[in-house]
Amino acid sequence: MNPVHWLFFIATVGLSAAVAFYGIWVRGRYSMPGVASSLTGCDAARLVLDRMGMAHVSITPVGGGKNPDGLSESDGFFLPRRIYDGRDLVSLVRAARLAFVKGQLSNAVFWEHLKRKMVFAARVTVFLGWICFLSGVFIRGLGFLMPLGLGAFSVVILFSFLDLSFELEMEERTSKMFKDADCFEPHELVCFRKLNLAMSLERIACLVRLPSDSVSGLFVRSRHGV
């Protein structure tokens, strides 16, 4: 790999790996495992929606594959049961962020479907990028594929940074809502904000997280005979 390729590799995959490890470290240090909050994910989402002037919007728990991850309708908002009932800080942060998206977007169903298509496109681009990059590195005669893989990585990272301003705004405003509501102890609020920030950076980690999540999921399915 020539120096230019190394530069692109460090700028994309290296950055993604650093953010992924940061997220793991934050979850390990600030998720406060075993400590249940007095709030549930439903309470967290309700707080955010109310403070955004959407007291009329109902929150409904759903399970399985129906309306996952906060899929919303015009007068309703759906949360996965694991987040709706969750009392851990990770569930509270996810509920607050999903509710914030609902409050920001007038047509949440359209944006939810658009987001899923973008996530799918990013996933395909990441996997194609890794296939091209590793083929160029290890298979003689296919070195021309390496720049294509690095180019795919660069495109995904670029789009992640374009979305970063909205993610950081979401972190700042939802954290302020919970601070003003005075529903957390000071140390819980610090943990909430740290987890919230880490989730805002998650998309930058996709170059590393998507392949690793797929591999770990494959091992889990194999272990259970699926």
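Before reading on, note that the structure itself is shown above.
Residues numbered from 1 in each chain as written. Predicted model: local features only at pLDDT ≥ 70, side-chain atom pairs only at ≥ 80, totals over all residues. Heavy atoms only, no water.

## Let's talk about the pairing of strand β3 (residues 76–80)
Put simply, the test is: Classification of residues uses two cut-offs on accessible area relative to the type maximum, computed with a 1.4 Å probe and protein chains only: under 20% is buried, over 50% is exposed, and between them is partly exposed. Helix and strand assignments come from DSSP, with helices taken as H or I runs of at least 4 residues and strands as E runs of at least 2, each series counted from the N terminus. Criterion used throughout: strands pair if DSSP finds at least two bridges between them.
Counting buried positions along β3 gives 5 out of 5 residues, so the element sits mostly inside the fold. Burial of the side chains of β3 extends over both faces: G76, F78 and P80 are buried on one face and F77 and L79 on the other. Summarising the sheet, strand β1 (residues 58–62) and β3 pair through 5 bridges and their orientation is parallel. From the neighbouring strand, P61 faces β3, where its bridge partner is L79.

## Some thoughts on the side chain of E171
This is how it is decided: In this count, Lys and Arg are taken as positive residues and Asp and Glu as negative ones, while His and the chain termini are left out. Each reported salt bridge corresponds to a side-chain nitrogen of Lys or Arg within 4 Å of a carboxyl oxygen of Asp or Glu. Should any heavy atoms of two residues lie within 4.5 Å, those residues are counted as being in contact.
Following the sequence through the fold, E171 ends up in helix α7 (residues 164–181). In this structure, E171 is buried with no salt-bridge partner, the nearest side chain bearing the opposite charge being R193 at 4.1 Å. Residues in contact with E171, not counting those within four places in the same chain, are R97, R193, N196, L197 and S200.

## Some words on unusual backbone geometry
Positive phi, close to 55°, is recorded for D182, a residue that is not glycine. On the basis of relative accessibility, which here comes to 63%, the residue D182 falls in the exposed class.

## Things to note about the nonpolar core
Selection criterion: By nonpolar core we mean a set of buried residues, namely Ala, Val, Leu, Ile, Met, Phe, Trp, Tyr and Cys, connected to one another through side-chain atoms within 4.5 Å.
Counting 37 residues, the largest nonpolar core has V48, I59, F77, L79, F178 and F184 as the members making the most contacts within it. Contributing elements (two or more residues each) for this core: α1 (3–30), α2 (41–51), β3, α3 (81–84), α4 (89–104), α7 and α8 (186–200). The element contributing the most residues to this core is α4, with 9 residues.

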